[in-house]
Amino acid sequence: MTGSTLVSTEELSRGLASWRVFDCRHDLAKPELGEAHYREGHIPGALFAHLERDLSAPKSGKNGRHPLPDPEQFGQFLGRSGVQPSDRVVCYDAANGAMAARLWWLLRWVGHEKVAVLDGGFAKWTREGRPATADVPSFAATAYPLQVNEELAVSVRTVQRRLGQQLLLDARAPARWRGEQEPIDPEAGRIPGAKNRFNMDNVNPDGTFKQPAELKRAFADVLGNRAAEETVHYCGSGVAACHNLLAMEIAGLPGAKLYAGSWSEWIADPARPRERG
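J.: For this particular structure, what's the right way to read the packing of aromatic side chains?
T.: Where two aromatic rings form a pair, the distance of their centres and the angle of their planes describe that pair. Under the counting rule described, the total for this entry stands at five aromatic pairs. Aromatic side chains Tyr 92 and Phe 122 sit 5.8 Å apart centroid to centroid with 20° between the ring planes, which places their arrangement in the stacked category. Taken together, the residues span a long stretch of sequence, with Tyr 92 in strand β4 (residues 88–92) and Phe 122 in helix α5 (residues 121–127) at a distance of 30 residues. Phe 122 carries the same exposure label as Tyr 92, and that label is buried. A ring pair is formed by Trp 105 and Trp 109, whose centres lie 5.6 Å apart and whose planes are at 20°; its orientation type is stacked. Taken together, the positions of Trp 105 and Trp 109, both in helix α4 (residues 100–109) and four residues apart, correspond to about one turn of that helix. Side by side, Trp 105 and Trp 109 carry an identical accessibility label, which is buried.

J.: I tried to follow α4 on my own but got confused; where do I start?
T.: For the α-helix, the turn length of 3.6 residues means that residues three or four positions removed from each other point alike. Taken across its ten residues, α4 has ten buried, putting it largely inside the fold. Buried residues in α4 make contact with β2 (19–23), α3 (71–80), β4, β5 (115–118), α9 (240–250) and β9 (257–258). Positive backbone phi, at 100°, marks Gly 111, one or two positions downstream of α4.

J.: Where do I start with the sheet that holds strand β3 (residues 46–48) in this structure?
T.: Strand pairs in the sheet, formed through backbone hydrogen bonds, run parallel or antiparallel to each other. Ordered by their spatial adjacency, five strands build an open sheet running β1-β5-β4-β2-β3, and the pairing between neighbours is parallel. Looking at the sheet topology across the chains shown, the edges are occupied by β1 (6–7) and β3. In this structure, β1 lies alongside β5, joined through two bridges in parallel fashion. Residue pairing in the sheet places Val 7 in a bridge with Leu 118 of β5.

The rules behind each value
- Residues numbered from 1 in each chain as written.
- Predicted model: local features only at pLDDT ≥ 70, side-chain atom pairs only at ≥ 80, totals over all residues.
- Heavy atoms only, no water.
- Phe/Tyr/Trp six-rings, centres within 6.5 Å; stacked < 30°, edge-to-face > 60°.
- Helix = DSSP H or I, 4+ residues; strand = E, 2+ residues; numbered from the N terminus.
- Buried < 20%, exposed > 50% of the residue type's maximum accessible area, 1.4 Å probe, protein only.
- Contact = heavy atoms within 4.5 Å.
- Pairing = 2+ DSSP bridges.

Encoded structure:
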């Protein structure tokens, strides 16, 4: 499975020089750990993309934990990284693609279609004995031309206005969706009417994605008679939701949208309704 969704470790290894590689490893509890691991060793040619510094906007206390970056600022990050529209980009994280999918989605959001996630991530790469280096590469800066597709994302106002009309899919663990526990955000619960699709159900125990047919059956069970285009994904802060968006693309179900502010933005306004159970 390659192209605009996944690339295998074998395929990347065979043509490593023809890909632009980004390391997206991140630990929500220890935000600097991913970059520290990158400096210890990474796939040759990879640059680091920090979830909070490069792939998110500053937090205001009202816009969620990982708000979408301003497109111009994200474009500047791509330019500093030397990315060109013709480049094939591969994103990876420690294993399952949950962090890498954020960069995958952002690139597609600004019009870069040639992007894939490394299936199985750095764990599979190193488990197979493939090369790693501590060398940080250098690329000539570019001026990346943005073509933002505004239809891929929805705002909190849109989600609230269309409650009961859209299909909301919550990517968090079932206990968080039910409101039984909340280890990260200050309040437990979910957006009213949201269904649950735990994003870790997209992958096998080794961190590789399940086969397209299996993913398609699983999402069909959740979507019911709704089209993919009617689906809005969210999670705690708009990261794991991108993993579900990637999984739907792998399953041949394109067109769903992201609510990036997610639960952490939703609960910033006490007037917005909550649901539990």
